[in-house]
Amino acid sequence: MKKKLTLRGYISSREALGKFYPQKIQNLIIREFCKIKNFSYMLSAAEYKMKNSFLVLNEIIKDLNNVDGIVAFSLYQFPENKKNRNNYLKKILNKKRIMSFALEEIIIRKKSDIDLVDDLWGVKKTILNKKKPWK
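Worth saying up front: this structure is predicted, and the values here are computed from it rather than measured. (Residues numbered from 1 in each chain as written. Predicted model: local features only at pLDDT ≥ 70, side-chain atom pairs only at ≥ 80, totals over all residues. Heavy atoms only, no water.)

### As for the environment of Leu-7
Threshold: To qualify as a helix, a DSSP run of H or I must reach at least 4 residues; to qualify as a strand, a run of E must reach at least 2; elements of each kind are numbered from the N terminus. The cut-offs for exposure are 20% and 50% of the maximum accessible area for each residue type, with area from a 1.4 Å probe on protein chains only; residues under the lower value are buried, those over the upper are exposed, and the others partly exposed. Whether two residues are in contact is decided by their heavy atoms: any pair within 4.5 Å suffices.
Considering the arrangement of structural elements, one finds Leu-7 in strand β1 (residues 6–11). In this structure Leu-7 comes out as buried when scored by relative accessible area, which is 0%. Separated by 60 residues in the primary sequence, Leu-7 and Val-67 have C-alpha atoms spaced 5.8 Å apart. When near neighbours in sequence (up to four residues on either side) are disregarded, Leu-7 contacts Phe-39, Ser-40, Tyr-41, Met-42, Asp-68, Gly-69, Ile-70, Val-71, Ile-98 and Ser-100.

### Side note on the layout of surface pockets
To keep things clear, this is the line we draw: A 1.4 Å probe that fits into a set of points on a 1 Å grid over the protein atoms alone but cannot get out defines a cavity; an open set with protein on both sides within 12 Å along at least five of seven lines defines a pocket, and lining residues are those with an atom within 4 Å of a point. Grid points are joined across faces, edges and corners, and a volume is the space filled by probe spheres set on the points. Three classes are used, and their members are as follows: Ala, Val, Leu, Ile, Met, Phe, Trp, Tyr, Cys and Pro are nonpolar, Asp, Glu, Lys and Arg are charged, and the others, Gly among them, are polar.
Its volume calculated, the largest pocket comes out at about 350 Å³. Together, 20 residues line the largest pocket, and Arg-14, Glu-15, Asn-52, Phe-78 and Glu-80 are the ones closest to its centre. Classifying every residue of the lining of the largest pocket by side-chain character gives 9 nonpolar, 6 polar and 5 charged.

### Some remarks on a nonpolar patch on the surface
Rules: Any residue with relative accessible area above 30% and no salt bridge may belong to a patch, with like charges joined within 9 Å and the nonpolar Val, Leu, Ile, Met, Phe, Trp and Tyr side chains within 5 Å. Per-residue and other accessible areas follow the Shrake-Rupley method at a 1.4 Å probe size, with only the shown protein chains counted as cover for residues. Whenever a carboxyl oxygen of Asp or Glu lies within 4 Å of a side-chain nitrogen of Lys or Arg, that contact is scored as a salt bridge.
Where nonpolar side chains cluster on the molecular surface, the patch consists of Tyr-48, Met-50 and Leu-55 and spans about 330 Å² of accessible area. Mapped onto the fold, Tyr-48 is located in the loop between β2 (40–46) and α2 (55–62).

### Some words on the side chain of Asn-86
Our working rule: Polar contact is the term for a pair of N or O atoms within 3.5 Å; when the atoms are in protein, one must be able to donate a hydrogen and the other to accept it, and sequence-neighboring residues count only if both atoms are side-chain atoms.
For Asn-86, the location among the structural elements is in helix α3 (residues 82–94). For Asn-86, the side chain forms a polar contact with the side chain of Asp-118, separated by 3.2 Å.

### Describing the pairing of strand β4 (residues 98–101)
Convention followed: If the strands point away from the viewer and the path from the first strand over the helix to the second runs clockwise, then the crossover is right-handed. Each pair of strands is called paired provided DSSP finds at least two bridges between the two strands.
Taking every second residue as pointing to the same face, both faces of β4 are buried, with Ile-98 and Ser-100 on one and Met-99 and Phe-101 on the other. Between the parallel elements strand β3 (residues 69–72) and β4, the chain passes through α3 in a crossover that is right-handed. In this sheet, strand β5 (residues 106–108) lies alongside β4 in antiparallel orientation, the contact comprising 3 bridges. Bridging across to β5, Ser-100 finds its partner in Ile-107.

Everything listed is a geometric property; what it means functionally is a separate question.
The structure is reproduced here in structure tokens:
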């Protein structure tokens, strides 16, 4: 029988690309994602509200010895800057852990999976930067 993976939750106290989700909703979505994927879910750590703060994420990554990976509410909680975002993802993968994004239903298991995250960020930013035809 395959071992059930245990993932530490990661939620945010701030907007993710212009949208705010209450922490209770973030945790519900993470819990349901873990249930569907048959992951054990460890209570989430909440990132500080300060813009561009990733102090909590850094602490979770340092403490990955006790879990199989991280499950974030959304990939849009991670840095907008591609290099910074990919540095975090590579740190996690280098520790032989997985990174999941519950809202987008994505699981990053290997470095080539990071391309999907980059593509989704690019599409989202393009959509947000398009001028509204009705304005």
